[in-house]
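A closer look at the structure
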Amino acid sequence: MNIKCVVIIQCDIVQRRCSGFACTNAFYNKEGAFKDYDAAVRYISFTCGGCSGKGIAAKLEHLSKKLNKKTDITKDEVVVHLSSCMVHDNYHSNRCPHADYIKSIIIKKGYKNVVEGSYISANAARKRKEGIYDCYE
Ligand code: SF4
């Protein structure tokens, strides 16, 4: 698969108190869920738009238009990551109750490469292993 663009979708509620630094840092350091991307892969991050994630459809439409007009990147060359704060039980909250719905919208919009997870916190991973946090893997 020739991936040219990574999209990270953050929880809109979490984003009110999280800068997204850990996800961005993990992307540039090629850690966690980003370990297989090469240096030329571009990166964009935005939120789900708020509960219940319905706003993601319009954001993806906007992205599709821009990719089409301004780049040669196709939807098949994009990977959409649902951030760890959305899909795992973690410091911020438990898994988003709308995660599967959001995923279905992304796929319906033509982005078939969807990955659950972004930055992997060692502390949260340990807590999931120990049963302190719920585990969805
Ligand atoms: S839909 Fe899920 S990811 Fe989006 S704001 Fe609500 S809880 Fe967060």
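Residues numbered from 1 in each chain as written. Predicted model: local features only at pLDDT ≥ 70, side-chain atom pairs only at ≥ 80, totals over all residues. Heavy atoms only, no water.

As annotated in an unreviewed UniProt entry, the chain carries the name CGGC domain protein and comes from Clostridium ljungdahlii.

Moving on, we get to the nonpolar core. Core analysis: the biggest nonpolar cluster contains 26 residues, and Val7, Ile9, Val78, Leu82, Ile102, Ile106 and Tyr111 have the highest contact counts within it. At the level of elements, β1 (5-10), α3 (56-70), β3 (78-82), α4 (84-87) and α5 (99-108) are the ones that each hand at least two residues to this core. The biggest single contributor to this core is α3, with five residues. If near-sequence neighbours (up to four positions away) are discounted, Ile9 is found in contact with Phe46, Thr47, Cys48, Ile56, Val80, His81, Leu82, Ser83, Met86 and Ile106. (Core = buried A, V, L, I, M, F, W, Y, C linked by side-chain atoms within 4.5 Å. Buried < 20%, exposed > 50% of the residue type's maximum accessible area, 1.4 Å probe, protein only. Helix = DSSP H or I, 4+ residues; strand = E, 2+ residues; numbered from the N terminus. Contact = heavy atoms within 4.5 Å.)

Okay, the pattern of salt bridges next. According to the stated counting rule, one finds 10 salt bridges in the structure shown. For Asp36, the salt bridge goes to Lys35, with nearest N and O atoms at 3.6 Å. Per residue, the accessibility class of Asp36 equals that of Lys35, and both read exposed. In this structure, Asp100 engages Arg95 in a salt bridge whose closest nitrogen and oxygen atoms are separated by 2.9 Å. Assessed through its relative accessible area of 16%, Arg95 is described here as buried. (Salt bridge = Lys/Arg side-chain N within 4 Å of Asp/Glu carboxyl O.)

What follows deals with α3. In this model α3 runs 21 Å from its N-terminal to its C-terminal C-alpha over 15 residues, within 8% of the 21 Å that 1.5 Å per residue would give. For α3, the full list of buried residues reads Ile56, Ala57, Leu60, Leu63, Ser64 and Leu67. One side of α3 carries all its buried residues, which in axial view fall inside an arc of 120 degrees. Residues of α3 that are exposed and angled more than 90 degrees away from the buried face: Ala58, His62, Lys65, Lys69 and Lys70. If you follow the buried residues of α3, they end up packed against β1, β2 (42-47), β3 and α5. (Expected span 1.5 Å × (residues − 1). Arc of directions from axis to C-beta.)

This next bit is on the packing of aromatic side chains. For the coordinates displayed, the defined rule picks out five aromatic pairs. Judged by centre distance (5.6 Å) and plane angle (75 degrees), the rings of Phe27 and Phe34 are edge-to-face. Across the pair, Phe34 and Phe27 agree in class, each one buried. With a centroid separation of 6.4 Å and an interplanar angle of 35 degrees, the aromatic rings of Phe34 and Tyr37 are classed as tilted. (Phe/Tyr/Trp six-rings, centres within 6.5 Å; stacked < 30°, edge-to-face > 60°.)

With that settled, the discussion passes to helix α2 (residues 21-29). When α2 is considered as a whole, its buried residues turn out to be Cys23, Ala26 and Phe27. Each buried residue of α2 sits inside an arc of 100 degrees when the element is viewed along its axis, so together they form one side. For α2, the exposed residues lying more than 90 degrees away from the buried face are Phe21 and Tyr28. Buried residues belonging to α2 abut β1 and β2.

Take the site of the ligand next. The ligand sits among Cys11, Asp12, Ile13, Cys48, Gly50, Cys51, Ser52, Gly53, Met86, Cys96, His98 and Ile102. Among the residues forming the shell around the ligand, the class breakdown is seven nonpolar, four polar and one charged. (Near = heavy atom within 4 Å. Nonpolar A, V, L, I, M, F, W, Y, C, P; charged D, E, K, R; others polar.)

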